[in-house]
Amino acid sequence: DRSYLGRVKALGPDGLDLLNRIATKEIASLAVGEGANTVLTSSSGRIIDRILVLRTGPEELLLLTAPETRKSVMDWIGKYTIMEDLFLEDVTDDTAMLCTIGPLAEQLVAMGFEVSQNLSLYGNTRVRSGGMEVLLVRTDPAGLPGYELVVSASEVEELWNMLNEAG
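Colleague: An account of the nonpolar core is requested, with residue identities and associated values reported.
Modeller: One recurring pattern in soluble globular proteins is that nonpolar side chains are buried together. Grouped together as the largest cluster of nonpolar side chains are 22 residues, with contacts concentrated most on L19, L40, V53, L63 and I77. Taken together, the elements giving at least two residues each to this core come down to β1 (6–11), α1 (15–22), β2 (35–41), β3 (47–57), β4 (60–65) and α2 (70–80). When near neighbours in sequence (up to four residues on either side) are disregarded, L63 contacts G6, R7, V8, L19, I51, L52, V53, V73 and I77.

Colleague: Account for the pattern of salt bridges, naming residues and giving values.
Modeller: Within this structure, the stated rule accounts for 10 salt bridges. For the salt bridge of E133 with R126, the shortest nitrogen-to-oxygen distance reads 3.9 Å. For E133, a relative accessible area of 36% gives the class partly exposed. Residue classification places R126 among the partly exposed positions, given a relative accessible area of 38%. R138 serves as the salt-bridge partner of D140, at 2.6 Å between the closest nitrogen and oxygen. Take R138: its relative accessible area is 18%, and that puts it in the buried class. A network of salt bridges, in which partner residues are shared, links E60, R126, R128 and E133.

Colleague: Describe the sheet that holds β3, listing the residues and the values that go with them.
Modeller: The five strands are arranged β2-β3-β4-β1-β5 in an open sheet whose pairing can be described as antiparallel. The strands lining the two open edges of the sheet, one partner per strand, are β2 and β5 (87–90). Here the strands of the sheet are splayed against their neighbours by 30° on average, with no regard to which way each runs. Sheet analysis places β1 next to β5, joined by four bridges and oriented antiparallel. Counterpart to V8 in the pairing with β5 is D90. The strands touched by α2 within the sheet are β1, β2, β3, β4 and β5, with β5 carrying the most contacts at an inclination of about 175°.

Colleague: Kindly report on the sheet that holds strand β6 (residues 95–101), identifying the contributing residues and their values.
Modeller: Strands in a sheet are paired, the pairing made by backbone hydrogen bonds, and the direction either parallel or antiparallel. Taken in spatial order, the four strands line up as β6-β9-β8-β7 in an open sheet, and their pairing is antiparallel. Since the sheet does not close on itself, it has two edges, and those belong to β6 and β7 (124–129), each with one partner. Between one strand axis and the next, the sheet turns by 30° as a mean value, whatever way the strands run. Pairing geometry for β7 and strand β8 (residues 132–138), over six bridges, is antiparallel. Across the sheet, the residue bridging to S129 is M132, located in β8.

Cut-offs and rules
- Residues numbered from 1 in each chain as written.
- Predicted model: local features only at pLDDT ≥ 70, side-chain atom pairs only at ≥ 80, totals over all residues.
- Heavy atoms only, no water.
- Core = buried A, V, L, I, M, F, W, Y, C linked by side-chain atoms within 4.5 Å.
- Buried < 20%, exposed > 50% of the residue type's maximum accessible area, 1.4 Å probe, protein only.
- Helix = DSSP H or I, 4+ residues; strand = E, 2+ residues; numbered from the N terminus.
- Contact = heavy atoms within 4.5 Å.
- Salt bridge = Lys/Arg side-chain N within 4 Å of Asp/Glu carboxyl O.
- Pairing = 2+ DSSP bridges.
- Axes fitted to C-alpha atoms, helices over the stretch in contact; angles between N-to-C directions.

Purely geometric numbers; function is a separate question.
Dropping the structure here:
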């Protein structure tokens, strides 16, 4: 259970461009379904956070932050949002995040969800099982195959049980 990590949704046509200008890594070319790690730094070069930027839709990003920095990340991005069309929403408490790690992680995820493509590192896609929608993200933590599964907080128990039953 990695629900302790921060999750910030960025909505609007200017989100990717703005983040590209204030982050340390070029992310402007991310296509829908791709992601990248980057670092946000202060004007004096101090690290605010290392975040994972996931492009989940044409005008939608999900930022995964450290647990204690989600507000700082939102404030920092907000500081540079002047004329940009961008809305930030902290969805940490409304969502949950489970992770599968290990050599059988892909098989486990495939038992519960139809994944129509092989995801590259930080690739993401929305998958369904019954009425539950899950954002599936390939992360490979600790150098092992792995997936983050982001779901609404009200469905996390169902997802947990499904994954346990699958393996």
